[in-house]
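Chain by chain, the residues:
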Amino acid sequence: MHISLTVNGKSVQADVAPEELLSDLLRERLGLTGTHVGCDTSQCGACVVHVDGRSVKSCTVLAVALQGSTVTSIEAVASAAGLHPMQKAFHENHGLQCGFCTPGMVMSALDYAARNPDPSAESVRHWLEGNFCRCTGYQNIVAAILAGAAAMSERAKELGK
Amino acid sequence: MTSSTGIGASLLRKEDQRFLMGRGNYVSDIKRPGMTMGAFLRSPHAHARILAIRSDAALAMPGVLAVLTGEDLRADGVGGLPCAWPVTGKGGAPTKEPTHPPLAQDKVRHVGDPVAFIIAESLLQARNAAEAVEVDYEALPAVGGVLEAIKPGAPAVFEDIPDNVCVDWELGDKAATDAAFQGAAHVARISLVNNRLVGNPMEPRAAIGEYDSSREHYTLWTTSQFPHIVKLLMGNFVLGIAQHKLRVVSPDVGGGFGVKQFHYAEEALVTWGSRRVGRPVKWVAERSEGFISDAHGRDHVTEAEMALSEDGHFLGLRVRTIANMGGYLSTFGPNIPTNLYGPLLAGVYTTPAIYCEVKAVFTNTVPVDAYRGAGRPEATFVLERLVDVAAAELGIDRAEIRRRNMIPPGAYPYQTPVMMEYDSGDPGGCLAKALLKADWDGFAQRKGQSAARGKLRGIGLCTYVEACGLAPSRIAASLGVRGGLFESAAVRVHPTGEVTVLMGSHNHGQGHETTFAQIASELLGIPADKVEIVFGDTDRVQFGLGTYGSRSLAVGGSALVKATNKVITKGKKIAAHMFEAAEADIEFKDGSFTVAGTDRHKPFAEIALSAHFPVNFPLETLEPGLEEQAFYDPVNFTFPCGAHIAELEIDPETGTVELLSYIAVDDIGTVINPMIVEGQIVGGIVQGIGQALYEDCIYDQESGQLLSGSFMDYCLPRADNFPLISVETNITACTHNPLGSKGCGELGTIGSPATVINAVVDALSHLGVNHVDMPATPNRLWRIIANAGAAPVVP
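Residues numbered from 1 in each chain as written. Chains lettered and ligands numbered in written order. Predicted model: local features only at pLDDT ≥ 70, side-chain atom pairs only at ≥ 80, totals over all residues. Heavy atoms only, no water.

## Topic: the interface of chain A and chain B
Working step 1: Counting from both sides, the interface comprises 43 residues of chain A and, opposite them, 53 residues of chain B.
Working step 2: Across the interface of chain A and chain B, roughly 4100 Å² is buried in total on both sides, 57% from carbon and sulfur atoms.
Working step 3: Sorting the residues of chain A by area buried against chain B places Phe132(A), Arg134(A) and Gln139(A) first, and these three jointly supply 20% of that buried surface.
Working step 4: In this structure, the connection of chain A to chain B is made through two salt bridges.
Working step 5: The salt bridge partner of Arg27(A) is Asp29(B), with a shortest N-O separation of 3.0 Å.
Working step 6: At the boundary of chain A and chain B, one finds 26 residue pairs in polar contact (both at pLDDT 80 or more).
Working step 7: Those elements giving two or more residues to the side of chain A that touches chain B turn out to be helix H1 (22-29), helix H2 (85-92), helix H3 (102-115), helix H4 (121-127) and helix H5 (139-160) of chain A. (Contact = heavy atoms within 4.5 Å. Buried area = accessible area lost by both parts, 1.4 Å probe. Salt bridge = Lys/Arg side-chain N within 4 Å of Asp/Glu carboxyl O. Polar contact = N/O pair within 3.5 Å; in protein donor to acceptor, adjacent residues only side chain to side chain. Helix = DSSP H or I, 4+ residues; strand = E, 2+ residues; numbered from the N terminus.)

Structure (structure tokens):
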């Protein structure tokens, strides 16, 4: 089936099979291998991307459902100016070890920050129910998301001035 | 510290950038020209005879290039997967090492045993074809657990091993231990299970094989913690590929935890398959495939008893363990419940007599091997549970009984009765710090507050010692290992003074690209961003042994110190020539070569340039260039130790555990990067708490069917399961390596299971509970509480 959508700001036309997953579209067809697949039961969250601004597990989304959608994956988070404040926060808080869960964590964290004007460690921990990390014990990921959310809110204030 | 990026700095990680931008290079990300895809048909039976395999229909399907079976392996003379660390049993009996074919031959021995390997143009085609392969099985009775395996008349996993015993091993002085029990004032006893675990690194295993007929050369990309060992084992023992015709690459690897330190069937099959079809072959495990093909961990059933004097002094320890090997021997299988277990039963105590027997048995389950901690968490769990039982029975405070039996600070080096000589350690200091931090003495009041809210509060304590920094080659060889356990480093100085370091250690989350750069930065007096760390490619890096057993810093880091010091020594010779001074008068400090007592100096980069542009250079006595290599073989293991304390509440209505605090104080030797060390320790603790409270790999004991084969059934720890974990250090330096470092990667999984279960038991002690098996799930705890009666909450 033919679909047209926007991926990381670029227009994409694709003939996709009915069973083709968004994660496969990104990884196999578009070469966007930053989106990882860590399980087959839609639980680990390594594959989280944004569809129309909301975080979704791309291993659970059929590509055919994406006609007209806007998809953002980890590759589009940093800008020419450098890392996004959330990525920077993961770096500065040692919020990653092996790096495999990291893209999904960052994408999930961005959605958390967008939806939670008043972040807290507790709500971050609950938010991460669908994101597994086997290395960090989550502690520094939580710290990173709080720091990243604070930096994003600061930046928004700066831009608002 | 000679630079702000040297030893002791919490330098932010150099490797983060690519992972944060989605530009990691994992095996599953790699595409090769003309690449085909592989899929496995795996056994649905735990134990069955293969009567026939019909692959004609599958072969006729679109895109299918090959359907390979155990018979094809036979025809091509492909060997079995070797065991690299057998051990010697009682009376000198060898470990039984039945053949482990990469694809099942004649019989399948566990659910997931690979039966056919299908190669096709696309993954979907390969998977569809796998479903079209017809296999006639004759199902056989299976053994799903160790207690089933040792029953008289139990089905034999291997026909020529009728009792299923792989090796019956012992350690320690039996007579002296028996004597210690005779006449002891008190004997404490415990029976326990160390639950089977699935390591589950977030990146599933993957491999790509590529055969280049023009060079008769093979390349294997694999998610391995030790590419050089895969190259040696697979090339030499399985496929018969000469070492100079084989390259193994392990690029970014998404977590290992031991699961990726074995040579697996799939590695050999993609490599062999690539020659069969003449094109690259890729295989990526699905998570549920990982559950039935990754080696599992732990899985012990143990009875232990401790003899004590009236005042609580440990007199003797007797331990009998049955350990699961699974349906075949994995690479290090027999070594884990023996050499990495028995010698750790001394803990940090002065117990004079210890005797340990371990029966390692075959079952119809996935092979069992090292998983983060590997033998040492099991030993710590036995010992520290038993100490708590003894303390309760004798009415002695749990901290006090540990203090009373602890190796005193002045007693190091300390020879235990079970093989090990601890070079250094301050477990008493760790314990004191942890007790203070946890406000151990104020617990009764907090328990009362919890009781007022209807909650059962418990506090638990554990000390531990681990043997890591694997390993002194000569000692390890005497314990059975078939290979060296040194590590290698090469320091390549570029003409302009930047440095590339090639490490035999493999980085898969540990932060090596930063830590090793800090060591080079410290020694050479150059910023860490002038140092690049290279690993994971047998064509780029000299032979090395890889990453496992918390060895990378203590052994690999020591090799790096050695190689760097060779660079400095050569630099001094060059500088002496340039200054027309005696070599003995040249000092190297803060990145400069100086003539002692003068202000004449040359920066490191100038010496590097001179080595590559050798005009003013002692060519008559010295080779140009500035690149040195070193191999470091440690003289002993390293012995991190520490004390952990957990406090928790149990809801008696639901059996749910809420962890309230976790405090770790560890003696890990010299710390290179405190931020990375804290990350390693917290991550390990959470993984260990996973074992204590959540994770359980369950086989049906009679059918051998895996009942917890996905993340739906196997409970991985989640972010909201944990409070803030407090990590502190209490350092004594390792006395026998140049850095003084001991290791920190595994202590979390070693200390935390016993700590948490001791706290759970403490919370339930008013019900007469003296042990709870892991994982302490709500279901298990609720039943214990319900069976104890009406479950009144007693402060």
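Here the narrative resumes.
## Description of the environment of Ala360(B)
All names here are of chain B.
Working step 1: Looking at where Ala360 falls in the secondary structure, it is placed in strand E15 (residues 353-362).
Working step 2: Among the residues examined, Ala360 registers a relative accessible area of 0% and is labelled buried.
Working step 3: A C-alpha to C-alpha distance of 7.6 Å links Ala360 and Pro337, two positions 23 residues apart in sequence.
Working step 4: Ala360 has contacts with Asn164, Val165, Cys166, Val167, Ala323 and Met325, leaving out every residue within four places of it along the chain. (Buried < 20%, exposed > 50% of the residue type's maximum accessible area, 1.4 Å probe, protein only.)

## Observations concerning the side chain of Glu266(B)
Residues and elements named next belong to chain B.
Working step 1: You can see Glu266 is positioned in helix H8 (residues 265-277).
Working step 2: The exposure class assigned to Glu266 is buried, which follows from its relative accessible area of 3%.
Working step 3: In this view, Glu266 contacts Phe40, Arg42, Arg205, Ala207, Trp283 and Ser293; residues no more than four positions away in its chain are not counted.

## Brief notes about the domain arrangement of chain A
Reports often express the size of an interface as the amount of accessible area lost when the parts come together.
Residues and elements named next belong to chain A.
Working step 1: Parsing chain A into structural domains produces domain 1 (2-76) and domain 2 (85-160).
Working step 2: For domain 1 and domain 2, the distance between their C-alpha centres works out to 21 Å.
Working step 3: Across the boundary between the two partners, domain 1 contributes 18 residues, which contact 16 residues of domain 2.
Working step 4: By the criterion of area lost to domain 2, the three top residues of domain 1 are His36, His50 and Ile74, representing 35% of everything that side buries.
Working step 5: Counting every contact that joins domain 1 to domain 2 gives zero salt bridges. (Domains from an automatic or database assignment.)

## With respect to the sheet that holds strand E5 (residues 114-120) of chain B
What holds strands together in a sheet is hydrogen bonding between their backbones, with the strands either parallel or antiparallel.
Residues and elements named next belong to chain B.
Working step 1: The strand order across the open sheet built from seven strands is E3-E5-E1-E12-E9-E10-E11, with neighbouring strands paired in mixed fashion. With one partner strand each, in any of the chains shown, strand E3 (64-69) and strand E11 (246-249) form the two edges of the open sheet. Across this sheet, the average inter-strand angle for adjacent strands is 20°, counted without regard to direction.
Working step 2: In terms of strand pairing, strand E10 (residues 217-222) meets E11 through four bridges, oriented parallel. (Pairing = 2+ DSSP bridges. Axes fitted to C-alpha atoms, helices over the stretch in contact; angles between N-to-C directions.)

## Remarks on the pairing of E5(B)
All names here are of chain B.
Working step 1: The buried fraction of E5 amounts to seven of the seven residues, a majority that puts the element mostly inside the structure.
Working step 2: Across five bridges, the pairing between E3 and E5 is antiparallel. The residue bridging Val67 from the neighbouring strand is Ile118, located in E5.

## Considerations on the packing of aromatic side chains
The geometry of two aromatic rings is summed up by the distance between their centres and the angle between their planes.
Residue and element names in this part refer to chain B.
Working step 1: One pass over the structure, following the stated rule, counts 25 aromatic pairs over all chains.
Working step 2: The interplanar angle of 35° and the centroid separation of 6.2 Å between the aromatic rings of Phe332 and Tyr548 together place this pair among those described as tilted. Here the residue Phe332 occupies a position in the loop between strand E14 (314-326) and E15, and Tyr548 occupies one in the loop between strand E21 (531-534) and helix H16 (552-579), the gap between them amounting to 216 residues. The exposure classification of Phe332 matches that of Tyr548, with both residues buried.
Working step 3: With a centroid separation of 5.7 Å and 70° between ring planes, the pair formed by Phe486 and Phe631 is classed as edge-to-face. (Phe/Tyr/Trp six-rings, centres within 6.5 Å; stacked < 30°, edge-to-face > 60°.)

## Some details on the pattern of salt bridges
Side chains that differ in sign of charge can pair as their charged atoms come close.
All names here are of chain B.
Working step 1: For the structure on display, the rule yields 58 salt bridges over all chains.
Working step 2: Glu97 is paired through a salt bridge with Arg482; the nearest N and O atoms lie 2.8 Å apart. In this pair, Glu97 sits in the loop between helix H3 (70-75) and strand E4 (107-108) while Arg482 sits in the loop between helix H14 (473-478) and strand E19 (487-493), placing the two residues 385 residues apart along the sequence.
Working step 3: On the basis of relative accessible area, Glu97 is assigned to the partly exposed category, the value being 35%.

## Structural notes on the side chain of Thr36(B)
Residue and element names in this part refer to chain B.
Working step 1: Note that Thr36 resides in strand E1 (residues 36-42).
Working step 2: The exposure class of Thr36 is buried, given its relative accessible area of 0%.
Working step 3: Setting aside its immediate chain neighbours within four residues, Thr36 contacts Leu65, Ile119, Ala120, Glu121, Val277, Arg279, Pro280, Val281 and Lys282.

## Details of the pairing of strand E2 (residues 48-54) of chain B
All names here are of chain B.
Working step 1: Judged from the two bridges that link them, E2 and E4 form a sheet pairing that is antiparallel. Looking at E4, one finds that Arg49 is bridged to Lys107.
Working step 2: Strand direction decides the pairing type here: E2 and strand E6 (residues 134-139), joined by six bridges, are antiparallel. From the neighbouring strand, Ala48 faces E6, where its bridge partner is Ala139.

## Digging into unusual backbone geometry
All names here are of chain B.
Working step 1: Residue Pro413 is bonded to the preceding Tyr412 through a cis peptide linkage, with omega at -5°.
Working step 2: Relative to the helices and strands, Pro413 is located in the loop between helix H11 (398-405) and strand E16 (414-415).
Working step 3: Cis geometry marks the peptide bond from Met774 to Pro775, where omega comes out at -10°.
Working step 4: Within the element layout of this structure, Pro775 appears in the loop between helix H19 (747-764) and helix H20 (778-787).
Working step 5: You will see that Asp106, though not glycine, has its phi angle at about 70°, which is positive.
Working step 6: Tracing the sequence through the fold places Asp106 in the loop between H3 and E4.
Working step 7: Phi is positive for Asn200, close to 50°, though the residue is something other than glycine.
Working step 8: Positionally, Asn200 belongs in the loop between strand E8 (186-194) and strand E9 (206-212).

## Here we look at the environment of Leu128(A)
Working step 1: By the secondary structure assignment, Leu128(A) is in the loop between H4 and H5.
Working step 2: Using a relative accessible area of 0% as the deciding quantity, one classes Leu128(A) as buried.
Working step 3: For Leu128(A) and Lys161(A), which are 33 residues apart along the polypeptide, the C-alpha to C-alpha distance reads 32 Å.
Working step 4: The contact partners of Leu128(A), leaving out residues within four places of it in the chain, are Met105(A), Ile141(A), Val142(A), Ile145(A) and Ala719(B).

## What to know about a nonpolar patch on the surface
Residue and element names in this part refer to chain B.
Working step 1: Taken together, the side chains of Leu609, Phe613 and Val615 make up a nonpolar region of the molecular surface, amounting to roughly 330 Å² of accessible area.
Working step 2: Examined against the element boundaries, Phe613 turns out to sit in the loop between helix H17 (604-612) and strand E25 (627-632).
Working step 3: Classification of Phe613 as exposed rests on a relative accessible area of 57%. (Patch = residues over 30% accessible without salt bridge, like charges linked within 9 Å, V, L, I, M, F, W, Y side chains within 5 Å. Areas by Shrake-Rupley, 256 points an atom, 1.4 Å probe, with all protein chains shown as cover.)

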